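Chain by chain, the residues:
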Amino acid sequence: MEFSSKLLENAVNAMSQLPGVGKRTALRLVLHLLRQPQEQTLQLSKALSTMRSDIQFCKSCNNISDLNICEICSNPNRDESIICVVEDVRDVMAIENTSSFKGLYHVLGGKISPMDGIGPSELCIDPLVEKVKQGHVKELIFALSSTMEGDTTNFYIYKQIQDYNIFTSTIARGISVGDEIEYADEITLGRSIVNRIPFEISLKA
Ligand SMILES: [Zn+2]
């Protein structure tokens, strides 16, 4: 790509560092910004740099937060005896959107993946085990993605805490609401049969 301006080229190169943004898309975005009022671009760059410098990770659950302790952990109406273990902040947001969970979260920051060089020590696992050891936790819900890495991570944590006499559960893997059975992939369908629930319970859901 030949640029008529070094400044333009720098901006495009920086923008194309983002995942899923190739050089052409980066150029389109940069040219869009150039056409906008300067104030708008300044707002964007200020929001990004302030976020980068001021953002914190909750000291208790490792969720992204503006404060030392996030709003979920500091909410007295949440049940601190139930902890839902998730990979990252997007999972917290997705589960919060359902309004069906009133416990706390623990954000691992990823999942164990030897292929990507991510071992247990790269993740926020020790503080979770420490929390369980302190004895206030009654149940851990594993809500990691249904992949080999997710299963490995669940099992690793389970081994660390199995002697502490707490209840562990995993979210049911099933057919999405509205899905046709015949279009479900076989792993999903297989798990949904293995994890079948009494029909009466499905009526209450
Ligand atoms: Zn928190």
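Small disclaimer: the values here were computed from a predicted structure and weren't measured. Residue numbers here run from 1 along each chain, matching the order of that chain's written sequence. Selection of residues for local features in this predicted model requires a pLDDT of at least 70, selection of side-chain atom pairs for listing and counting requires 80 or more, and totals for whole chains, interfaces and linings are taken over all residues.

Engineer: Explain the overall build of the protein chain to me, please; I cannot follow it from the model alone.
Structural biologist: To qualify as a helix, a DSSP run of H or I must reach at least 4 residues; to qualify as a strand, a run of E must reach at least 2; elements of each kind are numbered from the N terminus. The helix and strand tally for the protein chain stands at eight helices and six strands. When the helices and strands of the protein chain are placed in sequence order, the string is α-α-α-β-β-β-α-β-α-β-α-β-α-α. Values of the radius of gyration come from C-alpha atoms, whereas the globule rule sets the reference at 2.2 Å times the count of residues to the power 0.38. Over its C-alpha atoms the protein chain spans a radius of gyration of 22 Å, topping by over 25% the 17 Å that the globule rule assigns to 205 residues. Along the three orthogonal principal directions, the C-alpha set of the protein chain runs to about 65 × 45 × 35 Å. Field definition: a residue is buried when 20 or more other C-beta atoms are found within 10 Å of its C-beta, exposed when 12 or fewer are, and partly exposed for counts in between, with C-beta atoms placed from the backbone. Per-residue burial for the protein chain yields a buried fraction of 15% across its 205 residues. Contacts are defined on C-beta atoms placed from the backbone: any two residues whose C-beta positions lie within 7 Å are in contact. Taking as baseline every contact in the protein chain between residues at least 6 positions apart, the subset at least 24 positions apart corresponds to 45%.

Engineer: Is there a simple way to think about the sheet that holds strand β4 (residues 103–107) in this case?
Structural biologist: Whenever strands of a sheet pair, they do so through backbone hydrogen bonds, lying parallel or antiparallel. Across the sheet, which stays open at both edges, the four strands sit in the order β4-β3-β5-β6 with parallel pairing between neighbours. The open sheet terminates on both sides in strands that have one partner only, identified here as β4 and β6 (167–170). Here the average twist between neighbouring strands, direction ignored, is 25 degrees. The pairing criterion for strands is at least two bridges between them, as found by DSSP. To define axes, lines are fitted to C-alpha atoms, for helices over the stretch in contact only, and angles between the resulting N-to-C directions are given on a 0 to 180 degree scale.

Engineer: Would you mind showing me how to read the UniProt feature "zinc finger region: C4-type" (unreviewed entry) in the protein chain here?
Structural biologist: UniProt positions are given in the numbering used here, feature names are shortened, and annotations may be inferred rather than shown by experiment. The UniProt entry lists residues 58–73 under the feature "zinc finger region: C4-type" (unreviewed entry), expressed in the numbering used here. Overall, residues 58–73 shows 0% helix and 12% strand. The separation of its end C-alpha atoms is 8 Å.

Engineer: In this structure, what is going on with the domain arrangement of the protein chain? I would like to understand it.
Structural biologist: Quite often, the size of an interface is put as the accessible area lost when its parts meet. When the domains of the protein chain are assigned, the result is domain 1 (6–54) and domain 2 (73–171). If you average the C-alpha positions of domain 1 and of domain 2, the two centres end up 35 Å apart. The domain boundaries here were taken from an automatic or database domain assignment.

Engineer: Just checking my understanding: could you explain the environment of asparagine 62 for this structure?
Structural biologist: Structurally, the position occupied by asparagine 62 is in the loop between β1 (56–57) and β2 (64–65). Once the C-alpha coordinates of asparagine 62 and glutamate 80 are considered, the two residues, 18 residues apart in sequence, prove to be 15 Å apart. Aside from chain neighbours lying at most four places away, what touches asparagine 62 is Phe57, His106, Val107, Gly109 and Cys124.

Engineer: It is not clear to me how the environment of phenylalanine 155 should be interpreted in this structure. Could you clarify?
Structural biologist: Position of phenylalanine 155 relative to the elements: it lies in helix α6 (residues 148–161). By C-beta crowding, phenylalanine 155 is classed as exposed, having 12 other C-beta atoms within 10 Å. Separated by 34 residues in sequence, phenylalanine 155 and leucine 189 place their C-alpha atoms 22 Å apart.

Engineer: When you look at the nonpolar core in this model, what are you seeing that I'm missing?
Structural biologist: Generally speaking, soluble globular proteins have nonpolar side chains that are buried together. By size, the foremost hydrophobic cluster in this structure holds 22 residues, and its most contacted members are Ile83, Val85, Val86 and Tyr105. Sorting the residues of this core by element identifies β3 (79–86), β4 and α5 (126–133) as the ones contributing at least two each. Leaving out residues up to four positions away in the same chain, isoleucine 83 has contacts with Gly103, Leu104, Tyr105, His106, Val137 and Leu140. A set of buried Ala, Val, Leu, Ile, Met, Phe, Trp, Tyr and Cys residues, joined through C-beta atoms within 7 Å, is what we mean by a nonpolar core.

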